[in-house]
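Structural overview for review
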Amino acid sequence: MRGASVMVPSALRRLPARPLLRRALSALTRVDPAAVLTDADVERFSKDGAIVLRGVFQPWVEHLRAGAELNLANPGPLCDEHAAAQGTSGRFHDDQFLWRRHELFKEFVLHSGAGALAAKAMGSQTAHIFYDQLFVKEPGTPSPTPWHNDTSYWHTRGSQICSIWIALDPVPRERGLSYVKGSHRWGLVHRITNFSGGDHSGKNTYSDVDPAQLPPVPDVDAGVASGAYELLGWDMQPGDLLLFYSAMMHGAPGNPPNSPHRRRGYATRWCGDDVTFDNRPGTMHTGWKRAGFDNGLAAGAPIACELHPNCAATA
């Protein structure tokens, strides 16, 4: 809990002191998109909506793990503990805008090359960081990540919006994220499914919209069973990444008690050339403003602003 006395995890003790942290991180090789993302990858990404890339951020894994432990001990204003909110066992930690609070995550967002990778994948000249997000499911956490697409939660308009989700622990396919192949082409904005249960949570609210005005989340499990939908998913090792469009329908199961691993994932969300601010009701913008993350943009304005800088430069 915030403000409580916590034991410093061993991972944190391996982090350099703050004056040395930037130097240590700057020594990590910046990802060259041309070296890790082929034309065939880009074509498959466009067609399927989600792909896996192996080992791209493996050199960052220990640093990101240490940062995750830091955030678990000192969460931000948008943190949700979904298992606790549902009254279930385990811990399902979800926090946002780490890069605005922690130097380590700021260095990753601005200097790792993730933005350049996202830009190349989307065929965009720009990649504006929308926000970053940490997910932690401890063993013995039955809470699932329900089927959803991110577009329905976000105050954006445009097609060039994607996420890079980095595995910080081994994740077998059956416990990881699955995607409905090609669902980024549905153009779906659905009713909100809150990960904590119900329509709202204490930190993320989706007010001023009538749920009846939006279609429900499709029954993905029934669609898979009938053969109407095909799921994409992969075994993941630390440093592997999932690259997927925000409009992709996706979800994940809980992490059972017999799991040998935690499931820590660090995601960065990226907006390309065609993305504008959509000030429609019922999005995460309400909760963001309450927490001090107001972009200050007018409706319909390009997403570029101080809160969402362009990180697509390759040097």
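Structural data are supplied above this passage.
The sections below set out a description of the structure shown in this document. (Residues numbered from 1 in each chain as written. Predicted model: local features only at pLDDT ≥ 70, side-chain atom pairs only at ≥ 80, totals over all residues. Heavy atoms only, no water.)

A pair of packed helices can be characterised by two numbers: the angle between their axes and the separation between those axes. Two elements in contact, helix α4 (residues 39-48) and helix α8 (residues 114-122), have axes separated by 9 Å at closest approach and are oriented at 70 degrees. Classified by the angle between their axes, α4 and α8 sit roughly perpendicular to one another. For the pair formed by α4 and α8, the contact residues are Asp39, Val42 and Phe45 on the first element and Lys120, Ala121 and Met122 on the second. (Axes fitted to C-alpha atoms, helices over the stretch in contact; angles between N-to-C directions. Helix = DSSP H or I, 4+ residues; strand = E, 2+ residues; numbered from the N terminus. Parallel < 35°, antiparallel > 145°, perpendicular 65-115°, else oblique. Contact = heavy atoms within 4.5 Å.)

This paragraph deals with unusual backbone geometry. The phi angle at Phe97 is positive, at roughly 55 degrees, despite the residue not being glycine. Tracing the chain through its elements places Phe97 in the loop between β3 (92-96) and α7 (103-111). Taking relative accessible area as the criterion, Phe97 reaches 0% and is therefore assigned buried. (Buried < 20%, exposed > 50% of the residue type's maximum accessible area, 1.4 Å probe, protein only.)

Let's shift gears to the sheet that holds strand β5 (residues 145-148). The 4 strands are arranged β5-β11-β8-β9 in an open sheet whose pairing can be described as antiparallel. Where the open sheet ends on each side, the last strands, each with one partner, are β5 and β9 (231-232). Judged from the 2 bridges that link them, strand β8 (residues 178-180) and strand β11 (residues 250-252) form a sheet pairing that is antiparallel. Note on β11: the bridge partner recorded for Ser178 is Gly251. (Pairing = 2+ DSSP bridges.)

Looking at the element boundaries, Glu138 is found in the loop between β4 (128-137) and β5. A distance of 2.9 Å separates the side chain of Glu138 from the side chain of Arg262, its partner in a polar contact. In contact with Glu138, other than residues within four places in its own chain, are Arg91, Asn255 and Arg262. (Polar contact = N/O pair within 3.5 Å; in protein donor to acceptor, adjacent residues only side chain to side chain.)

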